[in-house]
Amino acid sequence: MFDTHCHLRFPDYETLGGASKVLDRATAAGVRGAITIATTVEDARLSADLAESDDRLWHSAGIHPLYADQPGDIKDLKAIAERPRCVAFGELGLDQHYAKPNQDTQIAALEGQLEHIAQWRTEGLAKPIVIHCRKAFADLLPRLVESGLPPEEFVFHCFTGSPDEARQVLDFGAWISFTGVVTFQNAPEVARAATLVPRDRIMAETDAPFMSPAPHRAVKPNEPKFVVHICEALAQIRGCTAKEMESQLDANAEQFFGITLPDSPTAF
Ligand SMILES: [Zn+2]
């Protein structure tokens, strides 16, 4: 089992002893590792330092739409993306659930990153892209099409849309990743969306410290060890065993991010 998306630099983990202690707890639960996802340029740099200190951890380089008003130069992401444990750009995208930063600021950060990523690709630096899309499918999808970047290199993380929106993402050609929201009784639409995703385009993540899955919804912070509950929920929704779901999810994470997971006991 593997957590494709969490934020281990968030201060929430100080009370748990920091990232390596949190990863020890994940290892004990059969979780082989995690990707800590960046939210700002500075966070990306510090995430690289963190990932380079632990073989179970990888990181991304990007500016989150809700941090689009923070200081940082998009151009500086290139050197961070070239570091040895960087496996993706992102998370980047649009969030229309919150009013701040405003859409113009979010769009500028999104478009700036897509343009640079396309340019760096021509210079030989190619990485998959983690997309944050909250209530913004209609505005975001055309921008991704327009970028000319390969659709199969995008993953829509923390999918909380409808089955129809899942269909649009799949028709575009991107992957879809699910969080603890698939375990929530009050999110049947997301569970229905999870039945639509082909087995070779689905991933799982905690998005920790947010979104603790059932049966630990009240536990804060969420952490990578809880990704096993997302795997169990996906198995139940899609009608396979947890063991089968785990092997598929691990193989998908290895393929999408171009990594080899450390050998360790599996969760199921
Ligand atoms: Zn995230």
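As a reminder, the structure under discussion sits directly above these lines.
Residues numbered from 1 in each chain as written. Predicted model: local features only at pLDDT ≥ 70, side-chain atom pairs only at ≥ 80, totals over all residues.

Visitor: Talk me through unusual backbone geometry; I want residue IDs and the actual numbers.
Guide: With omega at 15°, the peptide bond leading from Ala-208 into Pro-209 counts as cis. With respect to the secondary-structure elements, Pro-209 resides in the loop between strand 8 (202–204) and helix 8 (227–238). The step from Lys-220 to Pro-221 runs through a cis peptide bond, and the omega angle for that step is -5°. Its location among the elements puts Pro-221 in the loop between strand 8 and helix 8. In this model, Lys-135 sits at a positive phi of 55°, which is unusual for a non-glycine residue. Turning to its location among the elements, Lys-135 is positioned in the loop between strand 5 (129–134) and helix 5 (137–147). Backbone geometry places Asp-207, a non-glycine residue, at a positive phi of 55°. Structurally, Asp-207 can be placed in the loop between strand 8 and helix 8. For Asp-207, a count of 26 C-beta atoms within 10 Å translates into the label buried. (Helix = DSSP H or I, 4+ residues; strand = E, 2+ residues; numbered from the N terminus. Buried ≥ 20, exposed ≤ 12 C-beta atoms within 10 Å, placed from the backbone.)

Visitor: Mind laying out the environment of Leu-110, listing which residues take part and the relevant values?
Guide: Mapped onto the fold, Leu-110 is located in helix 4 (residues 103–122). The sequence separation of Leu-110 and Thr-27 amounts to 83 residues, and the corresponding C-alpha distance is 35 Å. Excluding anything up to four places from it in sequence, Leu-110 contacts Pro-65, Leu-92, Gly-93, Leu-94 and Arg-143. (Contact = placed C-beta atoms within 7 Å.)

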